[in-house]
Amino acid sequence: MSRGSAKLNAAATYNAAADHFDDEPLGFWARIGRRTIERLELPPGATVLDVGCGTGASALPAAEKIGPRGRVIAVDLAERLLEIARQKAERHGFTNMEFATADMEQLFYPDNHFDAVVSVFSIFFVSDMARQLRELWRMVRPGGWLAITTWGPRFLEPGTSAWWKAVKDVRPDIVSASSPWDRIVEPRALRALLREAGIVDMEIVAEDGYQTLRSPDDWWTIVLGCGFRWTVEQLEPDEAEQVRSANLAEVRRRNISAVEANAIFATARKPA
């Protein structure tokens with residue numbers, strides 16, 4: 001698959017997932033986005049670029065933190081997610097936010113332009129992550145911050161293994177052997193990536209997290225609101241129902257009441 005096709009697939013996946021992206025069982029998006037911003041020393045009036053902003057999980061807390069004199073530019077390829085983020089900003093009364101449909105590899109902002117550049121669950125969607133990190137770092141002002149957040153190990157387990165088992169039984173041809181974030185699910189791998197990009201002074205923290213499932217149906221809501229949606233969209237309606245039924249039966253059989261939502265937070269401050 002070409003890099004351009006992969007980007008289009010990602011945009012289509014998350015546009016489709018927009019109808020469930022902010023549902024309560026997917027509360028980990030907001031929780032981890034806010035934790036990313038909490039780790040940054042952002043002064044009032046700061047300017048922030050949020051790359052792959054989704055529905056604003058990190059962009060909205062950033063706008064709150066920097067106040068009305070600051071500015072958040074939030075970009076994403078998924079237009080439906082951006083529209084939800086815009087609506088949320090309006091409801092919160094934030095006038096310090098700007099939203100744009102944009103490709104993170106083609107942003108072209110000036111050097112040393114932002115007090116912080118943030119990427120939450122997006123850096124792994126490009127093939128050359130080190131090159132992309134160098135580009136994001138270029139746009140950070142001296143004394144400013146780069147924040148990269150990615151998934152830790154065991155993404156949404158044990159739900160994920162139950163999900164792929166159900167898919168394999170119906171459509172083994174679309175089972176994914178790996179996920180884009182698998183390249184950096186350990187702190188040492190993320191540290192090595194940042195060093196490859198020329199960023200040597202950083203803090204990396206791994207945090208374990210869990211998302212509670214009130215019922216098996218909560219798991220299916222997660223499937224529809226995350227990257228698994230791409231696979232659902234490849235299924236015929238009868239196939240999708242077979243997968244759903246088998247997946248939820250396995251969740252019930254194993255009495256799965258929570259899934260892991262582990263994250264790795266990397267922050268780096270550019271020398272003044």
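Above this text is the structure in question.
This is a predicted model, so every value here is computed, not measured. (Residues numbered from 1 in each chain as written. Predicted model: local features only at pLDDT ≥ 70, side-chain atom pairs only at ≥ 80, totals over all residues. Heavy atoms only, no water.)

Chemist: Summarise the overall build of the chain; cite the residues concerned and give the values.
Modeler: Summing up its helical and strand segments, the chain has ten helices and nine strands in all. The C-alpha radius of gyration of the chain comes to 19 Å, within 12% of the 19 Å expected for a compact globule of 272 residues. Taken along its principal axes, the extent of the C-alpha atoms in the chain is 55 × 40 × 35 Å. Here the chain, with 272 residues, has 53% of them falling under the buried criterion. Surface exposure of the chain reaches about 12200 Å², of which carbon and sulfur atoms provide 49%. A gap of 4 Å separates the mean positions of the 33 positive and 38 negative side-chain charges of the chain. (Helix = DSSP H or I, 4+ residues; strand = E, 2+ residues; numbered from the N terminus. Rg over C-alpha atoms; globule rule 2.2 N^0.38 Å. Buried < 20%, exposed > 50% of the residue type's maximum accessible area, 1.4 Å probe, protein only. Areas by Shrake-Rupley, 256 points an atom, 1.4 Å probe, with all protein chains shown as cover. Lys, Arg positive; Asp, Glu negative; His and termini not counted. Charge placed at Lys NZ, Arg CZ, Asp CG, Glu CD.)

Chemist: So what about the pattern of salt bridges? Which residues, and what values?
Modeler: Summed over the entire model, instances satisfying the criterion amount to 23 salt bridges. Between Glu-207 and Arg-35 there is a salt bridge, with its nearest N and O atoms 2.4 Å apart. Note that Glu-207 is positioned in strand S6 (residues 203–207) and Arg-35 in helix H2 (residues 28–38), a separation of 172 residues in sequence. Here Arg-35 falls in the partly exposed class, since its relative accessible area comes to 26%. Between Arg-229 and Glu-233 there is a salt bridge, with the nearest N and O atoms lying 2.8 Å from each other. Within this pair, Arg-229 and its partner Glu-233 are both found in helix H9 (residues 229–234), separated by four residues, close to a single helical turn. Residues joined in a network through salt bridges with shared partners are Arg-35, Glu-38, Arg-39, Glu-203 and Glu-207. (Salt bridge = Lys/Arg side-chain N within 4 Å of Asp/Glu carboxyl O.)

Chemist: I'd love a proper account of the sheet that holds strand S9 (residues 263–269), names of residues and values included.
Modeler: Read across the open sheet, the seven strands follow the order S3-S2-S1-S4-S5-S9-S6; overall the sheet is mixed. Among the strands making up the open sheet, the edge pair consists of strand S3 (97–101) and S6. The sheet shows a mean angle of 15° between the axes of neighbouring strands, direction not considered. Where strand S1 (residues 47–51) lies against strand S2 (residues 71–76), five bridges are found, and the strand directions are parallel. When the bridges of S2 are listed, Leu-49 appears paired with Ile-73. Sheet contacts for helix H4 (residues 79–92): S2 and S3; angle to S3, the most-contacted strand, approximately 170°. Packing of helix H7 (residues 187–196) onto the sheet brings it into contact with strand S5 (140–151), S6 and S9, and relative to S6 it is tilted by some 155°. (Pairing = 2+ DSSP bridges. Axes fitted to C-alpha atoms, helices over the stretch in contact; angles between N-to-C directions. Contact = heavy atoms within 4.5 Å.)

Chemist: Tell me about the packing of helix H5 (residues 129–138) against H7, residues and numbers included.
Modeler: Running from amino to carboxyl end, H5 crosses H7 at an angle of 60°, the nearest separation of the two axes being 8 Å. Every pair of crossing elements has a handedness; the one defined by H5 and H7 is right-handed. From H5, Met-129, Ala-130, Leu-133 and Arg-134 reach across to H7, where they touch Leu-193, Leu-194 and Glu-196. Among the residues making up the contact of H5 with H7, the classes are represented as five nonpolar, no polar and two charged. (Left-handed = near helix turned anticlockwise from the far one by under 90°. Nonpolar A, V, L, I, M, F, W, Y, C, P; charged D, E, K, R; others polar.)

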